[in-house]
Amino acid sequence: MNLQINDLHVFYGKIEAIKGISITVNQGEIVTLIGANGAGKTTMLKTVSGLRPVGSGSIIFDGQDISKVSAHERVELGISQAPEGRGIFPGMTVLENLEIGKYFRKNRKAEMNEDLENVYNLFPRLKERSGQAGGTLSGGEQQMLAIGRALMARPKLLLLDEPSMGLAPMMIQNIFRIITEINRTGTTILLVEQNAQQALQRAHRAYVLETGKVVKEAKASDLLNDPAVRAAYLGTGAAEGHH
Amino acid sequence: MLNIRDKGAEIWEGWNRPTRSTFVIGLIAVVMMLPYAGNFSFTNILNTPISSYQAVLVYPVGMFVLMALGLNIVVGKSGLLDLGYVAFFAIGAYTAAIMGTHFHWNTWECLPLGMALAMLSGVLLGLPTLRLRGDYLAIVTLGFGEIVRIVAVNNPSIGGPNGIANVPNPPKTLGVSFGLDHMESFFWVVVIMILLIIWMVRRFTARRPGRAWEAIRQDEDVAALMGVSTLKYKIWSFSIGAAIGGAAGVIFASKSMYVAPDMFSFNISVLILSCVVFGGMGNIWGVILGGTLLAYIPERIRFISNARQFVFGVALVLIMNIRPDGLLPRKKREKITKAGE
Ligand SMILES: Nc1ncnc2c1ncn2[C@@H]1O[C@H](COP(=O)(O)OP(=O)(O)OP(=O)(O)O)[C@@H](O)[C@H]1O
Ligand SMILES: [Mg+2]
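Residues numbered from 1 in each chain as written. Chains lettered and ligands numbered in written order. Predicted model: local features only at pLDDT ≥ 70, side-chain atom pairs only at ≥ 80, totals over all residues. Heavy atoms only, no water.

**With respect to the overall build of chain B**
Phase 1: Secondary structure summary: chain B contains 14 helices and two strands in total.
Phase 2: Relative to the 2.2 N^0.38 estimate, which gives 20 Å for 341 residues, the radius of gyration of chain B is 20 Å and therefore close to what a compact globule would have.
Phase 3: Along the first, second and third principal axes, the C-alpha set of chain B runs to 60 × 55 × 45 Å.
Phase 4: In chain B, of all internal contacts separated by at least 6 residues, the share reaching a separation of at least 24 is 75%.
Phase 5: Accessible area of chain B: about 16200 Å², with a carbon and sulfur share of 67%.
Phase 6: When the 28 positive and 18 negative side-chain charges of chain B are each reduced to one mean point, those points stand 5 Å apart. (Helix = DSSP H or I, 4+ residues; strand = E, 2+ residues; numbered from the N terminus. Rg over C-alpha atoms; globule rule 2.2 N^0.38 Å. Contact = heavy atoms within 4.5 Å. Areas by Shrake-Rupley, 256 points an atom, 1.4 Å probe, with all protein chains shown as cover. Lys, Arg positive; Asp, Glu negative; His and termini not counted. Charge placed at Lys NZ, Arg CZ, Asp CG, Glu CD.)

**Here we look at the site of ligand 1**
Residue and element names in this part refer to chain A.
Phase 1: For ligand 1, the set of nearby residues contains 14 residues, the closest of which are Lys41, Thr42, Thr43, Glu84 and Gln194.
Phase 2: Between ligand 1 and glutamate 84 there is a distance of 2.7 Å, counted from an oxygen atom to a side-chain nitrogen or oxygen.
Phase 3: The biggest single contributor to the shell around ligand 1 is helix H1 (residues 41-49), with three residues.
Phase 4: For the shell around ligand 1, the class distribution of residues is four nonpolar, seven polar and three charged. (Near = heavy atom within 4 Å. Polar contact = N/O pair within 3.5 Å; in protein donor to acceptor, adjacent residues only side chain to side chain. Nonpolar A, V, L, I, M, F, W, Y, C, P; charged D, E, K, R; others polar.)

**Quick notes on a nonpolar patch on the surface**
All names here are of chain B.
Phase 1: There is a patch of nonpolar side chains on the surface, built from Phe310, Val311, Val314, Leu318 and Ile319 and spanning about 440 Å² of accessible area.
Phase 2: Within the fold, isoleucine 319 resides in helix H13 (residues 307-322).
Phase 3: Note on isoleucine 319: relative accessible area 30%, which makes it partly exposed. (Patch = residues over 30% accessible without salt bridge, like charges linked within 9 Å, V, L, I, M, F, W, Y side chains within 5 Å. Salt bridge = Lys/Arg side-chain N within 4 Å of Asp/Glu carboxyl O. Buried < 20%, exposed > 50% of the residue type's maximum accessible area, 1.4 Å probe, protein only.)

**Notes on helix H3 (residues 53-77) of chain B**
Residue and element names in this part refer to chain B.
Phase 1: For H3, the principal kink sits at leucine 71 and spans about 40°.
Phase 2: Extensive coverage of H3 is indicated by the burial of 24 of its 25 residues.
Phase 3: Backbone geometry just downstream of H3 places glycine 79 in the positive-phi region, at approximately 70°. (Bend = angle between axes of the 7 residues up to and from the residue.)

**Some thoughts on the pattern of salt bridges**
Pairing between side chains becomes possible if they bear opposite charge and their charged atoms approach one another.
Residue and element names in this part refer to chain A.
Phase 1: In total, this model carries 15 salt bridges over all chains according to the counting rule given.
Phase 2: Two residues, glutamate 141 and arginine 129, come together in a salt bridge whose shortest N-O distance is 3.8 Å. Pair noted here: glutamate 141 is in helix H6 (residues 139-151) and arginine 129 is in the loop between helix H5 (124-128) and H6, with a separation of twelve residues, a long-range link.
Phase 3: Here glutamate 141 falls in the buried class, since its relative accessible area comes to 4%.
Phase 4: The network of salt bridges with shared partners includes Glu29, Arg205 and Glu217.

**Remarks on unusual backbone geometry**
Phase 1: Between B:Tyr59 and the following residue, B:Pro60, the backbone shows a cis peptide bond with an omega angle of 10°.
Phase 2: As for its position among the elements, B:Pro60 is in helix H3.
Phase 3: The phi torsion at A:Arg86 lies on the positive side, around 75°, for a residue other than glycine.
Phase 4: You can see A:Arg86 is positioned in the loop between strand E6 (79-82) and helix H3 (94-99).
Phase 5: Taking the relative accessible area as the measure of exposure, A:Arg86 reaches 14% and is therefore buried.
Phase 6: Located in the positive-phi region is B:His104, a residue other than glycine, with phi close to 55°.

**Some thoughts on the interface of chain A and chain B**
Phase 1: In this assembly, 26 residues from chain A lie in contact with 23 residues from chain B.
Phase 2: Both sides of the chain A and chain B interface together cover about 2300 Å² of buried area, and 60% of this is carbon and sulfur.
Phase 3: The largest contributions to the chain A side of the interface with chain B come from A:His72, A:Phe89 and A:Tyr103, which together make up 30% of the buried area.
Phase 4: The partner of A:Glu99 in a salt bridge is B:Arg211, with the nearest N and O atoms 3.1 Å apart.
Phase 5: Linking chain A with chain B are five residue pairs in polar contact (both at pLDDT 80 or more).
Phase 6: Taken together, the elements giving at least two residues each to the side of chain A that touches chain B come down to helix H2 (71-77) and H3 of chain A. (Buried area = accessible area lost by both parts, 1.4 Å probe.)

**Here we look at the sheet that holds strand E5 (residues 64-65) of chain A**
All names here are of chain A.
Phase 1: Ordered by their spatial adjacency, four strands build an open sheet running E2-E1-E4-E5, and the pairing between neighbours is antiparallel. Only two strands of the sheet have a single partner each, and these edge strands are strand E2 (15-26) and E5.
Phase 2: Across five bridges, strand E1 (residues 2-12) lies against strand E4 (residues 56-61) in antiparallel orientation. Paired with leucine 3 across the two strands is phenylalanine 61, which belongs to E4.
Phase 3: Along the sheet, H1 contacts E1, E2 and E4; its crossing angle with E1, the most-contacted strand, is approximately 115°. (Pairing = 2+ DSSP bridges. Axes fitted to C-alpha atoms, helices over the stretch in contact; angles between N-to-C directions.)

In structure tokens form, the structure reads like this:
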């Protein structure tokens, strides 16, 4: 697995949300994008997963330029996303949400059960709630479901958009612990976070985004100690994680 | 408030297979006998005062239910707002009229062609517009509905504003005759088509296309992230709905023996959409109920003449205020599980 984004520009109409960003994600890494509201983090992830079209530049995944590949085909290639705000299907049960996590399957039964087993091992809570409607889960449970559902497709690259959003500190700890665990089993992760403290502790490398540009790129541990980053993203609001 | 849908589902769940089969067959038999209801003193309250009761059962009642079921696949199941559904009805009707008068095809030969042409126009319209979100589709379909009608008005080769007369009735089939004095046969055909659609929709809903539509309706972006080819499934839903509209058009033309552009106005699109919304979007039983009531009641109260549209409109507004999700809304599982916790 290797993701290489070169000089990416993304537009909403005339507004340029991403202004020439280049980033690399290598096999086995957790790479995090941090930055203030409106910096373009969600737009970056949506462009990688195919929900936003590329304005110019390229997205190379495993040696193939996927800029023109549609979103549902990128799932086949091994890119899954847990979207901002979790995107649970409220009217479907937990099990149905998980089942649809990989819509296109050649060998349905055996593969599906194996994947369900994996997800339930990571998130035992989901197993207890498998018959409950997605819309009635608590915020933390919904986040678990969003991540579990993305894992159903056995992604090589997992895109996570603010998994800590709106969660209590205990649950944030829990979610980040599981993210690290997912990474240990070989899944590469591109993580977007407002909660820079947690993200930088868990990630290997980090990029700091400001209004559509990368302003800093470094090892995550270095950024944790960087005075400028501390002031901007960790200072007073280190554990806030509000939105 | 009494939840008829859940009550009904509960009773149904409690039955074993033979009971269910008996009930379904009995219900179909009763529905098939409806055209004769006007003849008996204890059911003749159903009689419509001005138009022939048997004709009303075919159009608007049967046709509206048929089209509402078709539109429900588009609007209710996959959440695509189609404001020009009448276009497909018109395409089916004109296919039957042209093929029947110029080439002497019989109705059953016209039926697959009418459906195919409606479906094809659905695909051609859907390919560019279904890529767009929300309101665009509503506007484009609204325009398409009007364009089809205006093309018919301005095209002398298909009768222009006068339309096409002398569309043949269906031939005698399996011993059943069709004609002005045999309206019950048309009704039976429509009921059979409705049954086929119910069967098809139920199968789809339980299986993968239904899941994909449901996901698209709830959140299209997330559906794509799950690997659902959203464009493909939207086009399927849109064109299956179109084909059903086309089928209704073919039967309509062969029943009324005459088609003209003003039969296919924007009003029809709105009425069919109202049937879906009023009955309960996404729930076939609700849609059938909505179609039946919205088609039948204005005919039944025709004796109050011009005021009937007004009275009916006020009643609709009132009922939609009391039951905003329709008479028999789709199952809302998020609420049910919560209550059961
Ligand atoms: N659908 C849209 N239409 C127009 N502009 C948009 C749209 N979505 C995002 N933008 C703009 O693009 C820029 C980047 O937005 P984006 O959502 O990527 O930021 P973000 O870094 O994820 O912010 P947050 O931390 O608040 O989630 C913002 O200026 C935003 O206003
Ligand atoms: Mg964001």
